[in-house]
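Below, each chain spelled out in residue letters.
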Amino acid sequence: MLRVLTVDDEVPALEELLYLLREDPRIEQVTGAGDAAAALRDLSRMLVAGERLDAVFLDIRMPGLDGLDFTRLLTGFASPPEVVFVTAHDDCAVTAYELGALDYLLKPVRPERLAEAVRRVDEAVHRQSREDGAPEQPAADEMVPVELGGRTRLVSRRSVTHVEAQGDYVRLHTGDGSYLVRMPLASLARRWEAAGFIRIHRSTLVASAHISELRFDGGRAAVQVGAELLPVSRRHTREVRDLLVRRFRHTEPDDNSDAHDNSDIRDTRHTRAVRAARGVLDSRSAEERGAEERGAEERSAEGMATRERAEDV
């Protein structure tokens, strides 16, 4: 069963398309949007909530962001939905297909022609499902749409260093600024876990690749992310520490090659991993030394007490 989104700035055309799609037994859910910006917000909300979207049926000529620009933006998503254009204009078909459109329908829409477009979507979705059974590939980048003064900007997930919860919103921090997006931190944490984002606090999510150092001070832990030092809660300290140790072991250079050593040291990401993980290992060593010293003192005290009891007897 398919889940689709329809986009048209003309209310009668949108309502007719919604009606026809809801009558198709192959479609499970249909939602509508009055413009492309609203559709982007709906799509972002669905993705963050873990909801599936199989296809978008949309007009081309719309105020603000038009259908073609909307389709270009979809290429930034990790798993973009199929696109079917439904328009009164026949002069954009070539561009539409170059952008990867699955079908191109002219208004007024004939029910049998729309049914054929749904069949093509259904076939494409099932084909993609079979391909998804192949060995898993590294997580692709993802674009998050954010609203800025009436404009929609796409923020790359790879540019995000950390995320902070702010009520019903999250603030995405990047190297060139921060952006407020309406979504729960818990949903974002689940969605971005495979991309290396880890929870360091109930209100903070961090991209592990951007952690340059792990610090311990008075029993409290913190991670260095860019110019910011972010606190790590006691609950998440072990998880963060173990993750950085694994990164260090994975990126540790081969001692048998000086040239390879020098190359790895120059690599920024490797150097960050080494610095962070060495902080972890140093903290572990200090903890272990303290435990050993306390154990030695306890054993010495026990030995003295045993000797005293023996002398009394």
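Scroll up to find the structure this text is about.
Residues numbered from 1 in each chain as written. Predicted model: local features only at pLDDT ≥ 70, side-chain atom pairs only at ≥ 80, totals over all residues. Heavy atoms only, no water.

Further remarks concern the overall build of the chain. Tallying secondary structure elements over the chain gives nine helices and 15 strands in all. For the chain, the proportion of its 313 residues judged to be buried stands at 41%. For the chain, the exposed surface amounts to about 17900 Å²; the carbon and sulfur share of it is 48%. (Helix = DSSP H or I, 4+ residues; strand = E, 2+ residues; numbered from the N terminus. Buried < 20%, exposed > 50% of the residue type's maximum accessible area, 1.4 Å probe, protein only. Areas by Shrake-Rupley, 256 points an atom, 1.4 Å probe, with all protein chains shown as cover.)

Once that is clear, we can look at the pattern of salt bridges. Under the counting rule described, the total for this entry stands at 19 salt bridges. In this structure, D103 engages R120 in a salt bridge whose closest nitrogen and oxygen atoms are separated by 3.3 Å. Of the two residues, D103 sits in strand 5 (residues 103-106) while R120 sits in helix 5 (residues 111-131), which places them 17 residues apart along the sequence. (Salt bridge = Lys/Arg side-chain N within 4 Å of Asp/Glu carboxyl O.)

With parallel pairing, the five strands of this open sheet are ordered in space as 2-1-3-4-5. Strands with a single pairing partner mark the edges of an open sheet, and in this sheet they are strand 2 (27-33) and strand 5. The mean angle between the axes of side-by-side strands here comes to 20 degrees, regardless of whether they run parallel or antiparallel. Examined bridge by bridge, strand 3 (residues 55-58) and strand 4 (residues 82-87) share four bridges and lie parallel to one another. Paired with F57 across the bridge in strand 4 is V84. This element, helix 1 (residues 11-22), spans strand 1 (2-7), strand 2, strand 3 and strand 4 of the sheet and lies at about 175 degrees to strand 2. (Pairing = 2+ DSSP bridges. Axes fitted to C-alpha atoms, helices over the stretch in contact; angles between N-to-C directions. Contact = heavy atoms within 4.5 Å.)

Moving on: helix 1. Helix length check: helix 1, at 12 residues, gives a terminal C-alpha distance of 16 Å against a target of 16 Å (1.5 Å per residue), a fit within 8%. Buried residues of helix 1: A13, L14, L17, L18, L20 and L21, and no others. Down the axis of helix 1, the sector holding all buried residues measures 165 degrees, keeping them to one side. Facing away from the buried side of helix 1 by more than 90 degrees, the exposed set consists of V11, P12, E15, Y19 and R22. (Expected span 1.5 Å × (residues − 1). Arc of directions from axis to C-beta.)

Let us now look at the nonpolar core. Ranked by internal contacts, the top residues of the largest apolar core, which has 25 residues, are L5, V7, V56, L58, F70 and F85. Of all the secondary structure elements, the ones that give two or more residues to this core are strand 1, helix 2 (36-48), strand 3, helix 3 (67-74) and strand 4. Here this core takes seven residues from helix 2, the largest share from any one element. For V56, the contacting residues outside a window of four places in its chain are L5, V7, F70, P81, E82, V83 and V84. Formed by 20 residues, the second largest nonpolar core is a distinct cluster that contains L2, L14, L21 and A117. (Core = buried A, V, L, I, M, F, W, Y, C linked by side-chain atoms within 4.5 Å.)

Right, let's talk about the packing of aromatic side chains for a bit. Taken as a whole and assessed by the stated rule, the structure comprises three aromatic pairs. Relative to F197, the ring of W192 has its centre 4.8 Å away and its plane inclined at 50 degrees; by these criteria the two rings are tilted. The two residues W192 and F197 agree in class, both being buried. Ring-pair connections join several aromatic residues into one group, and the members of that group are F85, Y97 and Y104. (Phe/Tyr/Trp six-rings, centres within 6.5 Å; stacked < 30°, edge-to-face > 60°.)

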